[in-house]
Amino acid sequence: MNKIKTMPTPWRGGVMVLGMTAVLSIAGCFGGSGGSSDNSSAKADSPKDDQELVDRYSEGRTFTVNPGEFATDDMVTAMIQLRPGDTLEFGCGYFELYHGLLIQATEDVEIRGCGKDETVLNFRESDNVTGLEALNVRGITVKDLTILDSPGDAFKLKGVKWGTLLNVRAIWSGGGDPITEANYVDRLNVACTNPPMDKGDPTPDYVPSSSAGRYGIYPVESENILVDNSESIGASDAGIYVGQTNNAIIKNSRAAYNVMGFEIENVQGGEYDNNLAECNTGGFLIYDLENITQYGDTSVMLNNVSSNNNTYNFAHSGIVSAVPRGTGFITLGYDNIEIYDNVFEDNSTAAIIYTSYELLDGKGKTTDKKLDPYTEGLHIHSNVMKNSGYSLPAPNMEKVTGGEIETLLPTLIGIKNITNPGKGAHIVWDGLLDDYDAECGYPQNANGQPVPKDENGKPVHTNQHPNPECHYNAYKFNDAGERKLPQWGSCIANNDMDDGQAYINFHGMRGLELVTGLADFDPKAIFSWEGLTNILTGPLEFFADTKLEDHDCEKLYGRTLESLPRVTIPPFERSGSIDPAPSQEFINQLCEAPVKPGEINRKALVVDCPRLDQYNLFADDQEPRSMPHEGGVPFVLNSKLFSDYATKYRVAFIPPGTKAVYKDGQGGGNLNGTIHFPNGTVIAKTFAFTDEDKGTEELIETRLLIKRTSQSGKAVWSGPAYSWGKDASGKKVATLVPGGETRSVSWSYTDKQSGKKLQGASDSYAIPNQSQCITCHSNDDLEAGAAPIGPKPRNMNRAYEPESDFMGNQGQGGFDRVNQLKYWVDHGLLTNVPDFGQIVGGVAQNLEYLPRWDDPKEDLELRLRAYLEANCQHCHNDKGAASNTGYYLDHYRKIDAGYGICKKPTATGGGSCGKQHVVVPGSPDDSIVSCRVGNAKDPQIKMPPIAKSVVHAEGVELLNAWIESAGDADYENSEACGGGIGIFKSLAP
């Protein structure tokens, strides 16, 4: 007997049906009411024919959450209701929270506590990877609280316009005893006195741990971001990290015991002002990553202190794992940086490391040709530098033995430093710049037109541009092929340095190829200070030079680089596109109105009714598998999202007298979008679990997607979910569960494609809350709100056949078994369809077609692409929730680095599984994607992050089979995995 799950914690067992007085007021993705403050109301166009009888909107509410047994329930109830002018307020104290705080598709909201020492939100046992996440929000302020022990990122803002993080802290307990309610008062404020320079060293203040989450504070793909008076402690990647963002200011903040303290990545217009980085591996970083949404330019760093950043590197993998401990600041492949009025002191490798992708990849070998591998326009002046480069870290012999030799870099620097052997310096440069490539033409977009350029002639690329054949660099050189200086060089002058070594140029990796070229060597004997010294003997030009005057631009060119502009954030204004919450009275008025037999209660579609039957969608209000009213049409998909082996029943209700419009990806017009549905459309999807042995099929949930019209006149999709149960009289009823629900389920049936018997059970089947639904259904390339993602023409080009035979010929089981798209055309539901051509086996030959991923008769690569599109692509595209990863699975995308082939992870943390590349052709065991798809329990690792509680064994088998075959395929970038040499591909043959 299937039952609602009961567990000791309130979230995992007690939030299945939230307090009805709170949840009946939810209006899909854009509504809700209830709260502790006085409500103001607003009038709008009424769905009634004459006039409104009650106030429609309620605005400016405050939802209060206090510590205690039901804190998670109360938080979820509040977060899914936040609309313009609303506030979610956490009381003072220590909170045990079992679910992430997710704010989506709203504007002008505030999340606040009592202060970052007074309000502590512990997410240690959360079933979500992120503590607080804001997605596609316009105007959000988060202030006065601490997030503790989030499995992944602590604070994440993605797709946010105007976001402020004020007086917040991200902290992980680290490798010591956990921070608890009993000790948090004493543990939150972490000092920096004696960081562990090597693993195992005593560390009196804090014990770092690679099991901590990735990022403390992480605004990404956003605009107009302010991080002020905030702090991050213990992140296994970066503490305060702003990525792929326009206009970002980080000020008055502190980072300690993170791998990197502060990062600005692919940002256009960034600023560090008056921050403190101490006891990290590295203090500050400004750089560009390859193969992601945008490339950065122009950041300033002033009035900061970077001190004692000497904690050993405890990152899992990726670029950040190569940062040597003792780095005050590092830059990589980013143009136009001004660093002034800062203090760098007691950093054991260098105050500043100035480097390029050539060092990592080799000259001309950087795969992403849109990325300029070199940092230029670097202006370092008026800083104080003390006690730099006094103790270089030794190589990590465990990684070196495994072929990851990046940790040899500090040793190489020390050997090359002929002036002060074995030491670093205040400023360390790899000495690498590109030469003029006269043969490389200006890059073009996908339509063969020149890409945009800035005022200097530099191409302004996005990920939507195709990868050029070469790195265009003519803008850096004059007609004679001479570099334009100082604009495309670096200026270093007027810095107050102590008596330590000021500068070295170590000439890149010159010399280390001698080591990697040796055969039959003992790594522990050679990859050591003594071993390298014995090998690296040669002419003096091998060694570093120390001529800092090579960067004295006033002396060399009679001028220096101009000061860069400070970042300004324009005032916030509401867009007006997000409706305030509907009032409870308005919802009751519509949902409780009488409905004629056979007619849908269309007036109620503007709100989320408390019960599914109030919409009158189906002939039998207790049976969503019965025939739909008003010409609703059942449909199925070729390849569907895996949801714990659930059977699904889908119905589209297109308003009478209207038609959907056929739009596909052929010709590039609608790459990831679905058929275009008219306003008023409802798409219903019912999830059931089949037991053939018992002859049962239990209904679990029905989700709706409703295309509404907002107060501003814009179309928006809303996505209420209903859980099936029984009322007091024993009647089956589906009740609104906006806060989500956890159920126990089991299945036993024979798969129609493979003939395999599928059996299993889960106590953790999750009906997502409404904020989670939007994560997958709300992308920038789709319509607003929870837009549909399944009914694409290529995924519907097939004959209708129910996923289960349970209904026989009854209800939707008896629907016509013909090509679905042709049925829609023949019945006046779909227009703008190309010529079908012949229909063979139910498939229209002239229309695009997505194969069934589990059909062994189909091509392996096509099946794999279909599976990833159905399960991952809705987030993994350059407009989706995972766009910041640079891992894109669009149906028409070329399989190359963007599709994961030898792609380095954007972030590390547990999600990288300690591996170096997303897909390693021929080796599933070395591929991050195999690890993540094969995990269903760890929120840091599992992918997809929602919609499954068990591993999809057949999907993992398909993925691994393709990765095995990819070792023999001619995919672009396949050679970039480096044969196990780690990120320094420059050393590969």
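Computed from a predicted structure; not experimentally measured.

J.: What's the story with helix 18 (residues 953–966) in this structure? I'm lost.
T.: Turn by turn, an α-helix covers 3.6 residues, leaving residues three or four places apart pointing in a common direction. Taking 1.5 Å of rise per residue, 14 residues should cover 20 Å, and helix 18 covers 20 Å from first to last C-alpha, within 8% of that figure. Among the residues of helix 18, those classed as buried are E954, G955, V956, L958, L959, W962, I963 and A966. Against the buried residues of helix 18 lie strand 47 (757–767), helix 16 (860–873) and helix 17 (928–933).

J.: Which parts of the structure should I look at to understand unusual backbone geometry?
T.: Keep in mind that most residues, glycine aside, have a negative phi and that most peptide bonds are trans. Across the junction of L485 and P486, the peptide omega takes the value 5°, indicating a cis bond. Mapped onto the secondary structure, P486 falls in the loop between strand 31 (425–429) and strand 32 (490–493). Here D108, not a glycine, exhibits a phi torsion of approximately 55°, which is positive. Inspection of the secondary structure assignment puts D108 in strand 7 (residues 107–112). Positioned with a positive phi, D149 is a non-glycine residue whose angle comes to about 55°. With respect to the helices, strands and loops of the structure, D149 is situated in the loop between strand 10 (138–148) and strand 11 (155–158). Judged by relative accessible area, D149 falls into the buried class, the value being 11%.

J.: Would you take a moment to explain the nonpolar core for this structure?
T.: Most often, soluble globular proteins have nonpolar side chains that are buried together. In terms of nonpolar packing, the biggest core is built from 84 residues, with F90, L101, I103, I111 and F155 touching the most fellow members. If we skip the residues at most four places from it in the chain, I111 touches L82, L88, F90, L101, I103, L132, I140, T141, V142, K143 and L145. By size, the runner-up hydrophobic cluster in this structure holds 37 residues, among which are L359, L412, I413 and I504.

J.: Would you take a moment to explain the pairing of strand 10 for this structure?
T.: Where a strand is regular, its side chains alternate between the two sheet faces. Of all eleven residues in strand 10, eight are buried; the element is thus mostly enclosed. Two elements, strand 7 and strand 10, share five bridges in a ladder whose sense is parallel. When the bridges of strand 10 are listed, V109 appears paired with I140. As paired elements, strand 8 (residues 119–122) and strand 10 share three bridges and run parallel to each other. By the bridge assignment, N122 is partnered in strand 10 with L148.

J.: Please clarify how the environment of L289 should be interpreted in this entry.
T.: Here L289 shows up in the loop between strand 22 (282–287) and strand 23 (297–302). Separated by 82 residues in sequence, L289 and L371 place their C-alpha atoms 7.9 Å apart.

J.: How should I be thinking about the state of the cysteines in this particular structure?
T.: Linking two cysteines covalently via their sulfur atoms produces the bond known as a disulfide. Taken as a whole, this structure holds six disulfides when the rule is applied. Paired by a disulfide, C902 and C977 hold their sulfur atoms 2.0 Å apart. Here the S-S torsion is close to -105°, and the disulfide linking C902 with C977 is therefore left-handed. In this pair, C902 sits in the loop between helix 16 and helix 17 while C977 sits in the segment after helix 18, placing the two residues 75 residues apart along the sequence. Classification of C902 as buried rests on a relative accessible area of 4%. Looking at C977, the relative accessible area reads 10%, which means it is buried.

J.: In this structure, what is going on with the side chain of E869? I would like to understand it.
T.: Tracing the backbone through its elements, the reader meets E869 in helix 16. Here the side chain of E869 touches K792 through a polar contact of 2.8 Å, side chain to side chain. Beyond its immediate sequence surroundings of up to four residues, E869 is in contact with K792, R794, L850, H874 and H891.

J.: Explanation requested: the pattern of salt bridges in the structure shown.
T.: Any two side chains of opposite charge can pair, given that their charged atoms come close. Applying the stated rule across the entire model yields 47 salt bridges. One salt bridge connects E110 with R112, and the closest N-O pair in it is separated by 2.9 Å. Given a relative accessible area of 17%, E110 falls into the buried group. A salt bridge links D613 to R611, with the shortest nitrogen-to-oxygen separation between them at 2.9 Å. Exposure remark for D613: the relative accessible area of 23% places this residue in the partly exposed category.

J.: Would you take a moment to explain the side chain of K158 for this structure?
T.: Along the chain, K158 turns up in strand 11. A relative accessible area of 6% means that K158 is categorised as buried. One polar contact links K158 to E221, side chain to side chain, over a distance of 3.1 Å.

J.: How should the environment of Q464 be read in this particular structure?
T.: Position of Q464 among the secondary structure elements: in the loop between strand 31 and strand 32. Residue classification places Q464 among the partly exposed residues on the basis of a relative accessible area of 48%. Sequence-wise, Q464 and T293 are 171 residues apart; in three dimensions their C-alpha atoms are separated by 7.8 Å. With residues up to four places along the chain from it excluded, the contact list for Q464 reads D878 and K879.

J.: Honestly, helix 12 (residues 584–591) in this entry has me stumped. Any pointers?
T.: Burial analysis of helix 12 places six of its eight residues in the buried class, the great majority of the element. Within helix 12 the residues assigned to the buried category are Q584, F586, I587, Q589, L590 and C591.

Rules used in this analysis
Residues numbered from 1 in each chain as written. Predicted model: local features only at pLDDT ≥ 70, side-chain atom pairs only at ≥ 80, totals over all residues. Heavy atoms only, no water. Helix = DSSP H or I, 4+ residues; strand = E, 2+ residues; numbered from the N terminus. Expected span 1.5 Å × (residues − 1). Buried < 20%, exposed > 50% of the residue type's maximum accessible area, 1.4 Å probe, protein only. Contact = heavy atoms within 4.5 Å. Core = buried A, V, L, I, M, F, W, Y, C linked by side-chain atoms within 4.5 Å. Pairing = 2+ DSSP bridges. Disulfide = S-S within 2.5 Å. Polar contact = N/O pair within 3.5 Å; in protein donor to acceptor, adjacent residues only side chain to side chain. Salt bridge = Lys/Arg side-chain N within 4 Å of Asp/Glu carboxyl O.

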